[in-house]
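Spelled out from the first residue to the last, the chains are:
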Amino acid sequence: EQLSAGDDVEAQMNLLRDAHHAQTFRLLLADLSGQLDVVRLADHLTALADQTVRLALERAWCAVPKRHREAPAYAVIGYGKYGGKELGYASDLDIVLLYDDSASEAPEIYGMLTRRLVNWLTAHTSSGVLFDIDLRLRPDGDTGLLFSPFDTFAHYQRNADPSGKGQGAWTWE
């Protein structure tokens, strides 16, 4: 569904939250009536989260003023229950945010995109909040940037931390 609320970002956020909450409620009704087992419910909740994140990313990208490309070279990687398609009603989203763009302005642009996306996902509006998110699984954890270039993340995953500051990814990552 298009988020047609003109240029009013909060109204767009509310439309997305209302749609997300309505679909979650429909899933709850199906769950309570025995139409969904735990696995199918988790699949549906994860698909809903995927779609919601995708729409939030689209809206956040549209709000970046100095876009140098039509679509962002950007990925939202799910970990934990989100990555394992095991979301429950109150699950947070463990995510890592990556970009793969060599343009000189890329760090600035994707930094702005990341801030806007995080705001879309976590801001409390009159329609509530979409998700709690956990970004600590990124390279350098809480001390690192909220987003990383893809190659930096790849080095981190191979335990070849190029900065020399950390040990790289834990085995379970």
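Residues numbered from 1 in each chain as written. Predicted model: local features only at pLDDT ≥ 70, side-chain atom pairs only at ≥ 80, totals over all residues. Heavy atoms only, no water.

## Concerning unusual backbone geometry
One non-glycine residue with positive phi stands out, namely Lys 85, at about 55°. Mapped onto the fold, Lys 85 is located in the loop between α3 (80–83) and β2 (93–99). (Helix = DSSP H or I, 4+ residues; strand = E, 2+ residues; numbered from the N terminus.)

## What about helix α1 (residues 9–32)?
In this model α1 runs 34 Å from its N-terminal to its C-terminal C-alpha over 24 residues, within 8% of the 34 Å that 1.5 Å per residue would give. Listing the buried residues of α1 in full gives Gln 12, Met 13, Asn 14, Leu 16, Arg 17, His 20, Thr 24, Leu 27 and Ala 30. Next to the buried residues of α1 lie α2 (38–62) and α4 (106–122). Backbone nitrogen of Glu 10 and a side-chain oxygen of the N-cap are separated by 3.2 Å at the start of α1; the cap is Asp 8. Two residues or fewer past α1, Gly 34 is found with a positive phi of approximately 80°. (Expected span 1.5 Å × (residues − 1). Buried < 20%, exposed > 50% of the residue type's maximum accessible area, 1.4 Å probe, protein only. Contact = heavy atoms within 4.5 Å. Polar contact = N/O pair within 3.5 Å; in protein donor to acceptor, adjacent residues only side chain to side chain.)

## Re the pairing of β2
In terms of residue burial, β2 counts as a mostly covered element, since seven of its seven residues are buried. Because side chains alternate across β2, one face comprises the buried residues Leu 93, Ile 95, Leu 97 and Tyr 99, and the other comprises Asp 94, Val 96 and Leu 98, equally buried. Two strands pair when backbone bridges link them, and strand β1 (residues 74–79) and β2 are joined in this way by six bridges, in the antiparallel orientation. Bridging across to β2, Gly 78 finds its partner in Ile 95. (Pairing = 2+ DSSP bridges.)

## Description of the side chain of Thr 114
With respect to the helices and strands, Thr 114 occurs in helix α4. For Thr 114, the side chain forms a polar contact with the side chain of Tyr 74, separated by 2.7 Å. A polar contact of 2.8 Å, which involves the side chain of Thr 114, links it to the backbone oxygen of Tyr 110. Those residues in contact with Thr 114 that lie beyond four places of it in its chain are Tyr 74, Leu 97, Leu 146 and Phe 147.

## Observations concerning the pattern of salt bridges
Counted according to the given criterion, the structure contains three salt bridges. For Lys 66, the salt bridge is made with Glu 108, and the minimal N-O distance between the two is 3.1 Å. Here Glu 108 lies in helix α4 and Lys 66 lies in the loop between α2 and β1, a separation of 42 residues in the sequence. Between Asp 101 and Arg 69 there is a salt bridge, with the nearest N and O atoms lying 3.2 Å from each other. (Salt bridge = Lys/Arg side-chain N within 4 Å of Asp/Glu carboxyl O.)

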